[in-house]
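Residue-level listing of the chains:
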Amino acid sequence: MELKYLVLEGCSSNFASTFTNIALLKNRKLNNKEKVRQIFVAVLVVLSALVGGMTASAQERNDSSIKKCSNIIRSDCDVVLSEGEIFFGIGLPVETYHGGKQYMGINLGLAYRVNIPNTKFDCGIKLDINGDMLRWKGSEYNLEQTNRTVNIMLTGGYNFRQGHKVNPFAEIGMGVGFMDVVGVDVPYPIRGTNFVFSPRIGCEFWSILRVYASSHIIRKGFNSFELGIGLAIGGWRKKR
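Every chain's residues receive numbers from 1 upward, in the order its sequence appears when written. A pLDDT threshold of at least 70 governs which residues receive local features in this predicted model, and a stricter bar of 80 or more applies before side-chain atom pairs are shown or counted, although totals over entire chains, interfaces and linings include all residues. Hydrogens and water molecules were not included; the side-chain quantities draw on all heavy atoms of the structure.

1. Things to note about the side chain of asparagine 151
Right, so step 1: Along the polypeptide, asparagine 151 turns up in strand β4 (residues 142-159).
Right, so step 2: Here the term buried applies to any residue with accessible area under 20% of the maximum for its type, exposed to any over 50%, and partly exposed to those in between, with areas from a 1.4 Å probe on protein chains only. Since its relative accessible area comes to 1%, asparagine 151 is described here as buried.
Right, so step 3: In terms of polar contacts, asparagine 151 uses its side chain to reach the side chain of threonine 149, at 3.3 Å.
Right, so step 4: Contact criterion: two residues are considered in contact whenever any of their non-hydrogen atoms come within 4.5 Å of each other. Aside from chain neighbours lying at most four places away, what touches asparagine 151 is Lys126, Leu127, Asp128, Asn130, Val176, Gly177, Val196, His216 and Ile218. Only DSSP runs of H or I reaching four residues or more are called helices, and only runs of E reaching two or more are called strands; each is numbered from the N terminus. Between N or O atoms, a polar contact is any pair within 3.5 Å; within protein, one atom must be a potential hydrogen donor and the other a potential acceptor, and residues adjacent in sequence are included only when both atoms are from side chains.

2. Describing the pairing of β4
Right, so step 1: Pairing of strand β3 (residues 121-137) with β4 involves 17 bridges; the strand directions are antiparallel. The residue bridging aspartate 132 from the neighbouring strand is asparagine 147, located in β4.
Right, so step 2: Sheet topology places β4 next to strand β5 (residues 166-182); 14 bridges connect them, and they run antiparallel. Paired with threonine 155 across the bridge in β5 is glycine 173. We treat two strands as partners when DSSP finds at least two bridges between them.

3. Looking at unusual backbone geometry
Right, so step 1: A positive phi angle is found at asparagine 118, which is not glycine, with a value near 65°.
Right, so step 2: Examined against the element boundaries, asparagine 118 turns out to sit in the loop between β2 (101-115) and β3.
Right, so step 3: With a relative accessible area of 40%, asparagine 118 lands in the partly exposed category.
Right, so step 4: The residue tryptophan 206 is not glycine, and still its phi comes out positive at about 55°.
Right, so step 5: Topologically, tryptophan 206 is positioned in the loop between β6 (192-205) and β7 (209-216).
Right, so step 6: Given the relative accessible area of 57%, tryptophan 206 is considered exposed.

4. Looking at the side chain of arginine 200
Right, so step 1: Inspection of the secondary structure puts arginine 200 in strand β6.
Right, so step 2: For arginine 200, a relative accessible area of 2% puts it in the buried group.
Right, so step 3: Among the polar contacts made by the side chain of arginine 200, one reaches the side chain of glutamate 85 at a distance of 3.1 Å.
Right, so step 4: The contacts of arginine 200, once residues within four sequence positions are left out, are Glu85, Phe87, Arg113, Lys126, Phe169, Ala170, Glu171, Arg210, Tyr212, Ala213 and Ser214.

5. Let's talk about the packing of aromatic side chains
Right, so step 1: Classification of ring pairs rests on two measures: the distance between centres of Phe, Tyr or Trp rings, Trp counted by its six-membered ring, which must be within 6.5 Å, and the angle between planes, read as stacked under 30 degrees, edge-to-face over 60 and tilted in between. On inspection of all chains with the given rule, the structure shows six aromatic pairs.
Right, so step 2: Their ring planes at 50° and their centres at 5.2 Å tell us that tryptophan 136 and tyrosine 188 sit as a pair that is tilted. A residue pair is termed long-range when its members are at least 10 positions apart, and tryptophan 136 in strand β3 and tyrosine 188 in the loop between β5 and β6 qualify at 52 residues.
Right, so step 3: Assessed through its relative accessible area of 29%, tyrosine 188 is described here as partly exposed.
Right, so step 4: Through a chain of ring-to-ring contacts, the aromatic side chains of Tyr97, Trp136 and Tyr188 assemble into a single cluster.
Right, so step 5: The ring centre of tyrosine 103 lies 4.4 Å from the NZ or CZ of arginine 135, which sits over that ring.
Right, so step 6: Note on geometry: a ring has a charge over it if NZ (lysine) or CZ (arginine) is within 6 Å of the ring centre and within 35 degrees of the ring normal. We note arginine 210 situated over the ring of phenylalanine 169; from NZ or CZ to the ring centre the distance is 3.9 Å.

6. Notes on the sheet that holds β3
Right, so step 1: Pairing is antiparallel around the closed barrel formed by eight strands, whose spatial order is β1-β2-β3-β4-β5-β6-β7-β8. This sheet shows a mean twist of 25° between the axes of neighbouring strands, independent of strand direction.
Right, so step 2: The pairing of strand β1 (residues 82-93) with strand β8 (residues 224-234) spans eleven bridges and is antiparallel. Across the sheet, residue glycine 91 finds its bridge partner in β8, namely glutamate 226. The axes used here are C-alpha line fits, helices contributing only the stretch in contact, and every angle between their N-to-C directions lies in the interval 0 to 180 degrees.

7. A word on the confidence of the model for the protein
Right, so step 1: Here pLDDT means the predictor's own confidence in every residue, given as a number from 0 to 100. Per-residue confidence for the protein gives a mean pLDDT of 79; residues scoring 70 or more make up 70%.
Right, so step 2: Ranking the elements of the protein by mean pLDDT puts helix α1 (residues 2-23) last with 48 and β7 first with 96.
Right, so step 3: Across residues 1-11, confidence stays below pLDDT 50; counting only partners more than four residues off in sequence or on other chains, it has eleven contacts.

8. Some remarks on the environment of leucine 92
Right, so step 1: Along the polypeptide, leucine 92 turns up in strand β1.
Right, so step 2: On the accessibility criterion, leucine 92 (38% relative accessible area) is partly exposed.
Right, so step 3: Remark: the alpha-carbon pair of leucine 92 and serine 215, spanning 123 residues in sequence, is separated by 9.5 Å.
Right, so step 4: Apart from residues no more than four positions distant in its own chain, leucine 92 is found in contact with Gln102, Tyr103, Met104, Asp132, Asn223, Ser224 and Phe225.

Below you can see the structure in the form of structure tokens.
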């Protein structure tokens, strides 16, 4: 706002002096060249005032946009550069597989993250294991197997309140998943590798305890949804 007022104030003074000179043209006998020069100067002052006013207004809006963008990207406190996490949860297949009934399995793993300085972003690597149980029951049979994946992923995360006691977060992991089937019966054996995509959201409390919901998307029969808790070590606010 101050920039706009300064521009307008300076232009107002130029307006006054210029148009005063033009008003005196009637009382002065000037040749055509001098009259054209005076009019040309007046036009330049008007144009400079308009451009200056628009520039100041645009600068003000731009500063406001930059400030909002900076609030989204920049963290308002410094945290320890790196952190580790161990987590454990329960998982459930998100779809049927050969008509089997879904039962809860496990989700556990380790993660290492680097907090990008002066921002709310982090990046890292994560290793986790999913095991989702399926059962097939009939009059003459009762079969079950666990569809298991071992996933190695690169991760990127965003912390909404980095370094605060309550810090909601969102994370995306992408990498490779190694699939196999374990169990006593194993009616539908499979083994292979595939690309895995894993979004995760949650909330971190006191920079230690994490509660999360996540999903692993890899292929039919192995896609799952998980709920769990994690313990973070590091990543807390730096002491000043």
